[in-house]
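Architecture at a glance
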Amino acid sequence: YELGWKYRPTPDTRIETAGFYSDVTDFIQTVTVVPGTTQFQNVGNGHFYGFEISGVTRLHSQLTAGANYTFIRREITDVVNTAFRPTGVPQHKAY
């Protein structure tokens, strides 16, 4: 699910935000089998949720500036490995 909002305070400036939520079944993750060896495995069920905000503005006819921030939380319940934590996606990302 995703719900977003867009706003243009001026013709040259745009602000966007969105919140999201995903139910996940049979999540596939890279798992270390032995040191130096990994494989893709189904690791459980769970949900992902978070939000994103971004802005862009034109500074000059040939120059724009923008910024983005994303927060995501991924919670997976693995019945085999209860200590499992998803990897590969940072919880906070900005540029």
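Residues numbered from 1 in each chain as written. Predicted model: local features only at pLDDT ≥ 70, side-chain atom pairs only at ≥ 80, totals over all residues. Heavy atoms only, no water.

1. Topic: the overall build of the protein chain
Within the protein chain, the regular secondary structure consists of zero helices and five strands. Ordered by position from the N terminus, the helices and strands of the protein chain form the series β-β-β-β-β. For the protein chain, whose C-alpha radius of gyration is 19 Å, the value lies well above the compact-globule estimate of 12 Å for 95 residues. By principal-axis analysis of the C-alpha atoms, the protein chain measures approximately 55 × 30 × 15 Å. Across the 95 residues of the protein chain, 21% fall into the buried class. Excluding contacts between residues fewer than 6 apart, the proportion of contacts in the protein chain whose partners are at least 24 apart in sequence is 42%. Counting only carbon and sulfur atoms, one obtains 56% of the accessible surface of the protein chain, whose full area is about 7,200 Å². Computed over 8 positive and 8 negative side-chain charges, the separation of the two mean positions in the protein chain equals 9 Å. (Helix = DSSP H or I, 4+ residues; strand = E, 2+ residues; numbered from the N terminus. Rg over C-alpha atoms; globule rule 2.2 N^0.38 Å. Buried < 20%, exposed > 50% of the residue type's maximum accessible area, 1.4 Å probe, protein only. Contact = heavy atoms within 4.5 Å. Areas by Shrake-Rupley, 256 points an atom, 1.4 Å probe, with all protein chains shown as cover. Lys, Arg positive; Asp, Glu negative; His and termini not counted. Charge placed at Lys NZ, Arg CZ, Asp CG, Glu CD.)

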